[in-house]
Amino acid sequence: QAQLVESGGGLVQPGGSLRLSCAASGIRFRIYAMGWYRRAPGKQRDLVAAITTGGSTNYAESVKGRFTISRDNAKNTVYLQMTSLKPEDTAVYFCNAGGVELGYWGQGTQVTVSS
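A short tour of the structure in this document, coming up. (Residues numbered from 1 in each chain as written. Predicted model: local features only at pLDDT ≥ 70, side-chain atom pairs only at ≥ 80, totals over all residues. Heavy atoms only, no water.)

## Concerning the overall build of the chain
Thought 1: Counting its secondary structure elements, the chain contains zero helices and eleven strands.
Thought 2: Counted from the first residue to the last, the chain has its helices and strands arranged as β-β-β-β-β-β-β-β-β-β-β.
Thought 3: For 115 residues, the compact-globule estimate of 2.2 N^0.38 gives 13 Å, and the C-alpha radius of gyration of the chain, at 13 Å, lies within 12% of that figure.
Thought 4: Across the 115 residues in the chain, those meeting the buried criterion constitute 41%.
Thought 5: Side chains of the chain give 12 positive and 7 negative charges; the mean places of these two sets differ by 5 Å. (Helix = DSSP H or I, 4+ residues; strand = E, 2+ residues; numbered from the N terminus. Rg over C-alpha atoms; globule rule 2.2 N^0.38 Å. Buried < 20%, exposed > 50% of the residue type's maximum accessible area, 1.4 Å probe, protein only. Lys, Arg positive; Asp, Glu negative; His and termini not counted. Charge placed at Lys NZ, Arg CZ, Asp CG, Glu CD.)

## Points about the side chain of D89
Thought 1: On the secondary structure map, D89 appears in the loop between β8 (77–82) and β9 (91–97).
Thought 2: At a separation of 3.0 Å, a polar atom in the side chain of D89 contacts the side chain of R38.
Thought 3: Discounting residues that sit within four places of it in the chain, D89 has contacts with R38, R66, F67, S84, V111 and V113. (Polar contact = N/O pair within 3.5 Å; in protein donor to acceptor, adjacent residues only side chain to side chain. Contact = heavy atoms within 4.5 Å.)

## Notes on the nonpolar core
Thought 1: Core analysis: the largest hydrophobic core is formed by 28 residues, its most contacted members being W36, V78, L80, M82 and Y93.
Thought 2: Elements that contribute at least two residues to this core include exactly β3 (18–25), β4 (34–39), β5 (45–51), β7 (67–72), β8, β9 and β11 (109–113).
Thought 3: Once you skip the residues sitting within four places of it in the chain, L80 turns out to touch L18, R19, L20, W36, V48, A49, F67, T68, I69 and Y93. (Core = buried A, V, L, I, M, F, W, Y, C linked by side-chain atoms within 4.5 Å.)

## Focus on the sheet that holds strand β1 (residues 3–7)
Thought 1: An order of β1-β3-β8-β7 is seen for the four strands of this open sheet, with the pairing classed as antiparallel. What marks the edges here is a single partner per strand, and that holds for β1 and β7. When strand polarity is set aside, the average angle formed by the axes of neighbouring strands in this sheet is 15 degrees. (Pairing = 2+ DSSP bridges. Axes fitted to C-alpha atoms, helices over the stretch in contact; angles between N-to-C directions.)

## Some thoughts on the packing of aromatic side chains
Thought 1: For the structure shown, the criterion picks out two aromatic pairs.
Thought 2: Taking 5.0 Å as the distance between ring centres and 65 degrees as the angle between the ring planes, the aromatic pair formed by Y37 and W105 counts as edge-to-face. Here Y37, found in strand β4, pairs with W105, found in strand β10 (residues 104–105); they are 68 residues apart in sequence, far enough to count as distant.
Thought 3: Judged by its relative accessible area of 12%, Y37 is buried.
Thought 4: Over the ring of W105 we find R45, and its NZ or CZ is 3.8 Å from the ring centre.
Thought 5: Directly above the ring of F29 sits R71, whose terminal nitrogen or CZ lies 4.6 Å from the centroid. (Phe/Tyr/Trp six-rings, centres within 6.5 Å; stacked < 30°, edge-to-face > 60°. Lys NZ or Arg CZ within 6 Å of the ring centre and 35° of its normal.)

## With respect to the environment of G54
Thought 1: As for its position among the elements, G54 is in the loop between β5 and β6 (57–59).
Thought 2: On the basis of relative accessibility, which here comes to 71%, the residue G54 falls in the exposed class.
Thought 3: For G54 and R30, which are 24 residues apart along the polypeptide, the C-alpha to C-alpha distance reads 9.1 Å.

Structure representation (structure tokens):
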């Protein structure tokens, strides 16, 4: 069955960097648009970044210029490179394949930005 497994979260100081990875199995990865979402405490889940099968990307305004989404179809993996992290980036980050309504979700990885 389909499985998405996120990794790379953790505690980082403001201004620091992290790279999240999401390894997919059980799906034809290359035909899925992929996305990273996050849910901060007490808030709804929001889109952070997305990448199409052709490699086109889009980002939430709050992360433009700081985060980069990429994919490696040979490794069935999507990445989120996060730089210049801010305390407001603290959230659980989720990987998604195929969209919010009918897609697949990972279990999430915690990112905490704090000094």
